[in-house]
Amino acid sequence: MDRQCTWQPGRPAQPSLPAGAAVPELAGGWPLIGHLPGFQKDPISMLSRGWREQGELVQFRLGPREFVLFTGPEAHDFYFGAPEEQLNAKAVYQFTVPIFGRGVAYDVSPELMAEQLGFLFPALRAAAMRRFARIMSEETTQFADALGENGQVDLPQAMNELTVNIASRCLIGQEVRDQVDAGFAEAYHDLQKGINTLGFFLPKLPTAAHRSRDRARRRVARIFGRIMADRRLSGARPDDFMQALMHAQYSDGRALSDDEITGILLTVLFAGQHTSAVLATWTGLELLRAPSYLARIRQELQDIYRDGEAVSFEKLNQQVRLEHAVRESERLHPPLIMLIRKVLKPLQYRGYAVPAGTMAMVSPAVSHRLPHVFADPGRFSPDRFAPPACEDKQHRYALIGFGGGKHQCMGKHFAYLQLKAIWTVLLDRFDFELDTGFPAPNYGSWVTGPVTPCRLRYRRRSQESVFQ
Ligand code: HEM
């Protein structure tokens with residue numbers, strides 16, 4: 001741990017158990033439906049109660065399925081470190097197959113999926129990040145220009161629009177960004193509607209939403225296919241994810257098909273866009289109710305951009321106060337509140353036995369509010385990430401908003417950069433005020449944003465912009 005950091009984590013006493021003990025059950029389950037009503041009403045207070053009553057491992061039932069929740073940094077370490085043959089993601093994420101397509105991501109073996117995603121790492125290196133920082137700032141400036149002098153904006157909707165533009169341009173290619181308004185946004189939206197509770201359990205059921213999802217998948221394949229054909233014809237080789245995949249070869253020498261490329265690009269877009277929009281929204285909301293911290297961020301902007309230079313990768317990296325605010329928003333409002341794996345082989349943790357067939361879960365939303373890990377956990381306090389506290393440094397899995405282990409998010413640095421670029425430009429340009437009360441989380445969606453509408457009033461600041 002960093003020598004400047006002083007926070008010492010506490011640790012609740014662990015029971016010493018004979019090997020093979022059953023995981024304790026959460027009280028209050030009903031015959032047949034189990035804990036479904038409480039889970040549907042407010043999954044996080046139900047899961048938090050599980051931790052308070054039973055500790056690191058607690059068992060509960062949703063209809064016919066048994067779940068075990070792993071809570072706390074040490075339990076996360078075990079969870080994220082377990083081999084795929086034991087704790088398996090593919091078995092859980094089958095609902096993504098009709099969206100991403102056959103032959104990619106969760107439709108293939110974990111090794112092949114890792115190879116496919118691995119093709120993208122070169123496109124996330126520092127040189128690319130420098131270019132992305134410029135694009136992020138350009139797109140946000142364009143977005144801010146369209147807002148005019150003052151008005152009202154629905155923040156989740158605005159962040160969604162902005163991050164679609166940024167993600168399509170950075171992560172896929174300029175041509176896709178050019179087609180956002182000419183059909184791509186609509187197709188993407190229809191694909192997103194394919195992620196619903198029914199789709200999770202029965203992804204192939206021929207419902208209207210699923211038919212529209214399948215049509216949208218074919219439309220996206222046509223759009224991407226045309227762009228790839230044009231690039232091959234013209235010899236254009238832009239430096240983006242699509243091109244990285246067009247050049248890639250599997251370890252056996254085979255090139256990727258256009259449909260595989262489309263599927264990998266959709267995987268990344270789905271993993272990275274909505275999550276970013278939601279965290280950008282929560283960050284803005286938290287900053288607005290912490291005016292003294294917001295004033296310190298504005299001061300940081302003044303100091304860093306004193307030379308009048310443009311927003312850049314280097315400058316954004318220096319914006320530590322803003323980064324801590326993003327991280328604190330990730331802690332309080334992780335967009336993915338639950339990560340799930342299927343237990344394929346029975347496992348043992350501290351004497352507890354978890355049988356095969358169980359669904360194993362970690363919940364960033366529960367674990368980020370553990371009082372022995374984060375001091376006064378309900379309070380928005382970005383300084384907890386700065387020395388001397390450095391509360392996140394006490395354990396590599398204290399903060400898990402981007403997951404961990406083999407499936408750890410590959411876009412974490414991209415996401416931090418993007419959120420900082422967005423709020424740097426918007427805070428420089430406008431003063432904001434919440435038009436509605438601070439919103440509650442909407443647990444009805446796969447990615448947990450605030451309930452809508454969630455409107456802000458904005459007014460252009462009278463001060464000169466701090467950067468070019
Ligand atoms: C605020 C934004 C984001 C959040 C909160 C987030 C969160 C996460 C989490 C929690 C996981 C692990 C899922 C699991 O273990 O089941 C994950 C995986 C992933 N993320 Fe992100 N993510 C974000 C942005 C991005 C971006 C921008 C990209 C693309 C550049 C991206 C690409 C991925 C991919 C491809 C995976 C799957 C990795 C695998 O299974 O091997 N994410 N993300």
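So, here is what we can say about the structure in this document.

1. Let's talk about a positive patch on the surface
Consideration 1: Residues Arg211, Arg215, Arg218, Arg222 and Arg226 make up a contiguous surface patch of positive charge.
Consideration 2: Within the secondary structure layout, arginine 226 lies in helix H11 (residues 208–234).
Consideration 3: Exposure remark for arginine 226: the relative accessible area of 48% places this residue in the partly exposed category.

2. Focus: empty space enclosed by the protein
Empty space among the atoms becomes visible once a probe the size of a water molecule is rolled across them.
Consideration 1: A full pass over the atoms with the stated rule returns four cavities of 30 Å³ or more.
Consideration 2: Of the volumes computed, that of the largest cavity is approximately 60 Å³.
Consideration 3: Lining the largest cavity are Tyr79, Phe80, Ala82, Glu84, Leu87, Arg341, Gly404, Lys406 and His407.
Consideration 4: For the lining of the largest cavity, the per-class residue count stands at four nonpolar, two polar and three charged.
Consideration 5: Considered as a void within the structure, the second largest cavity measures approximately 40 Å³ in volume.
Consideration 6: Along the walls of the second largest cavity sit Phe143, Leu147, Val153, Leu155, Ala158, Met159, Leu426 and Phe432, which together make up its complete lining.
Consideration 7: Only helix H6 (126–147) and helix H7 (155–172) provide two or more residues apiece to the lining of the second largest cavity.
Consideration 8: Here the lining of the second largest cavity gets three residues from one element, more than from any other, and that element is H7.
Consideration 9: Looking at the lining of the second largest cavity residue by residue, the classes come out as eight nonpolar, no polar and no charged.

3. What to know about the site of the ligand
Consideration 1: Neighbouring the ligand are 25 residues; Tyr93, Gly272, Arg341, His407 and Cys409 lie closest to it.
Consideration 2: In this structure, tyrosine 93 approaches the ligand through a side-chain N or O atom, which is 2.7 Å from an oxygen atom.
Consideration 3: The separation between an oxygen atom of the ligand and a polar side-chain atom of tyrosine 106 is 3.3 Å.
Consideration 4: Secondary structure elements with two or more residues in the shell around the ligand: helix H5 (110–118), helix H13 (258–288), strand S6 (339–343) and helix H18 (412–429).
Consideration 5: Per element, the largest residue contribution to the shell around the ligand is six residues, and it comes from H13.
Consideration 6: Residues that form the shell around the ligand fall into these classes: 16 nonpolar, seven polar and two charged.

So, how was this worked out
Residues numbered from 1 in each chain as written. Predicted model: local features only at pLDDT ≥ 70, side-chain atom pairs only at ≥ 80, totals over all residues. Heavy atoms only, no water. Patch = residues over 30% accessible without salt bridge, like charges linked within 9 Å, V, L, I, M, F, W, Y side chains within 5 Å. Areas by Shrake-Rupley, 256 points an atom, 1.4 Å probe, with all protein chains shown as cover. Salt bridge = Lys/Arg side-chain N within 4 Å of Asp/Glu carboxyl O. Lys, Arg positive; Asp, Glu negative; His and termini not counted. Charge placed at Lys NZ, Arg CZ, Asp CG, Glu CD. Helix = DSSP H or I, 4+ residues; strand = E, 2+ residues; numbered from the N terminus. Buried < 20%, exposed > 50% of the residue type's maximum accessible area, 1.4 Å probe, protein only. 1 Å grid on protein atoms, 1.4 Å probe; cavity = no way out; pocket = protein on both sides within 12 Å on 5 of 7 lines; lining within 4 Å. Points joined across faces, edges and corners; volume = space filled by probe spheres on them. Nonpolar A, V, L, I, M, F, W, Y, C, P; charged D, E, K, R; others polar. Near = heavy atom within 4 Å. Polar contact = N/O pair within 3.5 Å; in protein donor to acceptor, adjacent residues only side chain to side chain.

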